[in-house]
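# Summary of structural features
Below are the chains, spelled out letter by letter.
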Amino acid sequence: MSNLDTLNNRQREAALAVEGPVLILAGAGSGKTRVLVHRISYMIEDCGIQPWNILAITFTNKAAGEMRERVDRIIGNGADSVWVATFHSTCVRILRRHIDLLGYDTDFTIYDTDDQKTVMKGILKRLNIDSKQFKEKTCLNTISNAKNELIDPVEFAKNCVGDYKLERIAVVYTEYQKTLKESNALDFDDIIMLTVRLFKEYPQVLENYQNRFRYIMVDEYQDTNTAQFELIRLLAAKYQNLCVVGDDDQSIYKFRGANISNILDFEKEYPQALVVKLEQNYRSTQYILDAANSVISNNSYRKSKSLWTDRGDGNKVHFRQFENAFEEADYIAGDARKSINSGEFEAGDCAVLYRTNAQSRLLEEAFVRIGIPYNIVGGVNFYSRKEIKDILAYLKVINNAVDPIAVKRIINIPKRGIGVASINKVEDYCSANGFSFFEGLKMADEIPGLGKAAVKIEGFVNMIRVFRSKIDTYGLKGLVEDILETTGYIEELRESEEDDAEDRIANIEELISKIVDYEDDHEEASLTAFLEEVALVSDIDNIEDEKNRVMLMTVHAAKGLEFGKVYMAGMEDGVFPGSMAIYDEDPSEIEEERRLAYVGITRAKDDLTLCYAKQRMLRGETQYNAPSRFIREIPDAYMDNKPAKRKEPVVMQDDSFREAKKMFAAKAYTTSTPMTLKRPNTTPEDKRPFIGQGINSLRASAGIQKGMPAKGKPDYEVGDRVRHMKFGDGTVINIDKEPTDYKVTVDFEKSGRKVMYAAFAKLRKI
DNA sequence: CGTACTAGTCTTTTT
DNA sequence: GACTAGTACG
């Protein structure tokens, strides 16, 4: 029997309501995943519901994985028959079985945003559309919005009669959709939209899934868009056993099509719905919750709800004010170090949250300078990196040659003398004679005007053919290694003299180890399945929480996570809320930012610091901003410090910013000088996350990736023999105590005399 | 065909 | 300020 005793009354009420529509309004930190998992367990073990009749849908792979794990743990038999998956992977699985009904092939590929851009670029060119007036991004955005609202090209065209701009976009949309279909490709929005279309056009298919999924649960329901709402509505239509869980106050993905009305109007769609509010928060102390409540209460479009806790008052919210963003970053890193060194918090319990990724740079530099291990989440997705996309493009071509985007990407990488001119000739020939791009390549010798390029193209086609024929004999890993070998990809990188070549090679190695992991985990590790998995994962899914490091990330990325100590950086009008929202006529933009602030505040368990910098560089310009209105919405009584009263606008000499920067730069230099001499080897166990841009060498050289600085005195003394990972054996010449660390001078037998910091050098006494 | 420079762009981004 | 895409040249 399942054990519901550990739930509070509200939670239990939600878990027991198995039949009919249920809306669970789950405040931040109110234990909603617990409720969902117990609910599933109750359904199976007490109500005799078959596990395969249960569908639990989430947004991220990470959330799905966590739920899967908890379901497995709590339920003995049949747990793996419960379908726990993301919207997209659920729909992909359905489409792989039935999409032929819609005229696609079941081995379709999935285009990411980069691929979409490439397609769009081609279309704008082909249609002779002025790409200044119609930017590809705008077009893609409009199309995406349309798809999220389930508007197909035909309907779109109907709706926009009279509006010249939209009429043009309607043509673009039509062409875009046609191109994707010819390439047997779907974009992310298609995955949902086409599933809905499938269900609407083929009621017998829908009914099949309705019978299969008699009990449906949706997590983070506030983030669903219209298409996802419709998908769920259809699936639940027959049995009406639909339980949605969410928090309208945490709806922060409007810009991606999320429709907050889905949760706010749930009761209109399902008048008989049971509504349960979970307001007891198990995460934060009272001051933090009070601050969160007082901010969010300024929103008008919401369901009223007030979080409470029995954890006690805790610390007041800290407010800190700085002259500029450098000081802010320096303070945060220094304060984090203080808490870590005093034992109050572990590095992994601390997080720094910011509105935009651009803010991460200064913070990162500060953490390097101060010597605290950190991890940056986000930035460029691992699978979006050039070198990774190149390799994946090879795999895609080998897997599905119909995909011209992938073929064009790699046909001249590494350079093999097939340039744009030749490709255009092939394309023209193909479109004139009705061949697909790859078909055209296969008969390059028949295409007039290609000249020498024809032989080269032939070579390329043959190479792909050979890869394809060997695929069954040597597996995915072997295939990738063969590709790297045959094409000379790595050699070209190594010889390119680009300073990030090493990082790129490391990324490729990382990809290979991901492939090995994948092959170990899946008995039938087909190329199609691997590519699909890769297309549907994001960075946030890969946060390694076992590593004890301070986390730096955007507030968006922090949703669903919690930390003992949280810093929110850049709490300024113009940054957070962003200027776009401030100047927008539509007040809902500010409300969205406010929800974002609410999400940030409620990540903190015990300690929250809000930071404000009077001056900061934004898009290359120095700006002077007022403290965030969200800070001013928190009553003084909840904070240890108040924002200074607004006097005259702070005007500073423009130089002061540069001065400050120089000062800090100098500081950074002295601290890291001994380390920047050489880059450490990239050892296989050094499983770095994704390697960012320019700061890598700084990062790596400070030893940040390799663990915590030692707090105490080193266990060796002057005259002792020590061993260094890279420099080998040597004798300690000198040990200097510095305010933050011990500076050690060692004479290495092979590498000569080096000065290094004890915390990073990891010298072992021998 | 490949490279080097210049102009434009710039929130957030579960999939 | 930083990155990318597009273009002019060698």
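In what follows, the structure referred to is the one given above.
Bear in mind the structure is a predicted one, so any value in this text is a computation, not a measurement.

This paragraph deals with the overall build of chain A. Helix and strand counts for chain A stand at 31 helices and 20 strands. Counting every position in chain A, which comprises 766 residues, the buried fraction comes to 54%. Expressed as a percentage of contacts within chain A between residues at least 6 apart in sequence, the contacts between residues at least 24 apart total 75%. Accessible surface, chain A: about 34700 Å² in total, of which carbon and sulfur atoms supply 49%.

Next up on the list: the sheet that holds strand S1 (residues 22-26). Here 6 strands make up an open sheet; going across it, the order is S3-S2-S6-S7-S1-S8 and the pairing parallel. A single partner strand is all that each edge strand has here, and the edge strands are strand S3 (83-86) and strand S8 (274-278). Adjacent strand axes in the sheet meet at a mean angle of 15°, parallel and antiparallel pairs treated alike. Relative to strand S7 (residues 242-246), S1 runs parallel, the two being bridged by 4 bridges. Bridging across to S7, Leu23 finds its partner in Val244.

Attention now goes to the state of the cysteines. Within this structure, the stated rule accounts for 0 disulfides. The cysteine Cys47 is free of any disulfide, with Cys243 supplying the nearest cysteine sulfur at 13 Å. Of all cysteine sulfurs in the structure, the one in Cys160 sits closest to Cys139, which takes part in no disulfide; the separation is 12 Å. Note on Cys139: relative accessible area 0%, which makes it buried.

As a further point, take the packing of helix H2 (residues 32-45) against helix H3 (residues 61-74). When two helices pack together, their arrangement is given by the angle between the helix axes and the distance between those axes. At their nearest, the axes of H2 and H3 sit 10 Å apart, and the two run at 45° to each other. Of the possible angle classes, the one that applies to H2 and H3 is oblique. For the pair H2 and H3, the crossing hand works out as right-handed. Note on element contacts: H3 touches H2 through Met67, Arg70, Val71 and Ile74, opposite Thr33, Arg34, Leu36, Val37, His38, Ile40, Ser41 and Glu45. Taken together, the residues that form the contact of H2 with H3 break down as 6 nonpolar, 3 polar and 3 charged.

Our next topic: a positive patch on the surface. On the surface, Lys117, Lys121, Lys125 and Lys137 cluster together into a patch of positive charge. For the positive patch, the leading source of residues is helix H5 (residues 113-126), giving 3 residues.

Here we take up the nonpolar core. Leu395 and Leu441 are the most contacted members of the largest nonpolar core, which totals 53 residues. Contributions of two or more residues to this core are made by helix H17 (386-399), helix H18 (404-410), helix H19 (420-433), helix H20 (437-442), helix H21 (453-487), helix H22 (489-495), helix H23 (501-521) and helix H24 (527-535). When residues of this core are assigned to their parent elements, the largest contribution, 13 residues, is made by H21. Residues contacting Leu441, with those up to four places away along its chain left out, are Val407, Ile411, Val426, Ile457 and Val461. Formed by 46 residues, the second largest nonpolar core is a distinct cluster that contains Leu55, Ile232, Phe266 and Ala273.

Before going further, it helps to examine the pattern of salt bridges. All chains considered together, the criterion is met by 50 salt bridges. For Arg409, the salt bridge is made with Asp390, and the minimal N-O distance between the two is 2.8 Å. With Arg409 in helix H18 and Asp390 in helix H17, this residue pair connects regions lying 19 residues apart in the sequence. Linked through salt bridges whose partners overlap, the residues forming this network are Lys32, Asp219, Glu220, Asp223 and Lys559.

Moving on: unusual backbone geometry. Across the junction of Ile413 and Pro414, the peptide omega takes the value -10°, indicating a cis bond. Cis geometry is found at the peptide bond from Phe576 to Pro577, where omega equals 5°. On the secondary structure map, Pro577 appears in the loop between strand S13 (563-568) and helix H26 (579-583). Even without being a glycine, Asn128 presents a positive backbone phi close to 60°. Mapped onto the elements, Asn128 comes out in the loop between H5 and helix H6 (136-148). Here Asn128 falls in the exposed class, since its relative accessible area comes to 70%. You will see that Gln240, though not glycine, has its phi angle at about 60°, which is positive. Here Gln240 lies in the loop between helix H11 (226-236) and S7.

The rules behind each value
Residues numbered from 1 in each chain as written. Chains lettered and ligands numbered in written order. Predicted model: local features only at pLDDT ≥ 70, side-chain atom pairs only at ≥ 80, totals over all residues. Heavy atoms only, no water. Helix = DSSP H or I, 4+ residues; strand = E, 2+ residues; numbered from the N terminus. Buried < 20%, exposed > 50% of the residue type's maximum accessible area, 1.4 Å probe, protein only. Contact = heavy atoms within 4.5 Å. Areas by Shrake-Rupley, 256 points an atom, 1.4 Å probe, with all protein chains shown as cover. Pairing = 2+ DSSP bridges. Axes fitted to C-alpha atoms, helices over the stretch in contact; angles between N-to-C directions. Disulfide = S-S within 2.5 Å. Parallel < 35°, antiparallel > 145°, perpendicular 65-115°, else oblique. Left-handed = near helix turned anticlockwise from the far one by under 90°. Nonpolar A, V, L, I, M, F, W, Y, C, P; charged D, E, K, R; others polar. Patch = residues over 30% accessible without salt bridge, like charges linked within 9 Å, V, L, I, M, F, W, Y side chains within 5 Å. Salt bridge = Lys/Arg side-chain N within 4 Å of Asp/Glu carboxyl O. Lys, Arg positive; Asp, Glu negative; His and termini not counted. Charge placed at Lys NZ, Arg CZ, Asp CG, Glu CD. Core = buried A, V, L, I, M, F, W, Y, C linked by side-chain atoms within 4.5 Å.

Distances and angles like these do not, on their own, reveal function.
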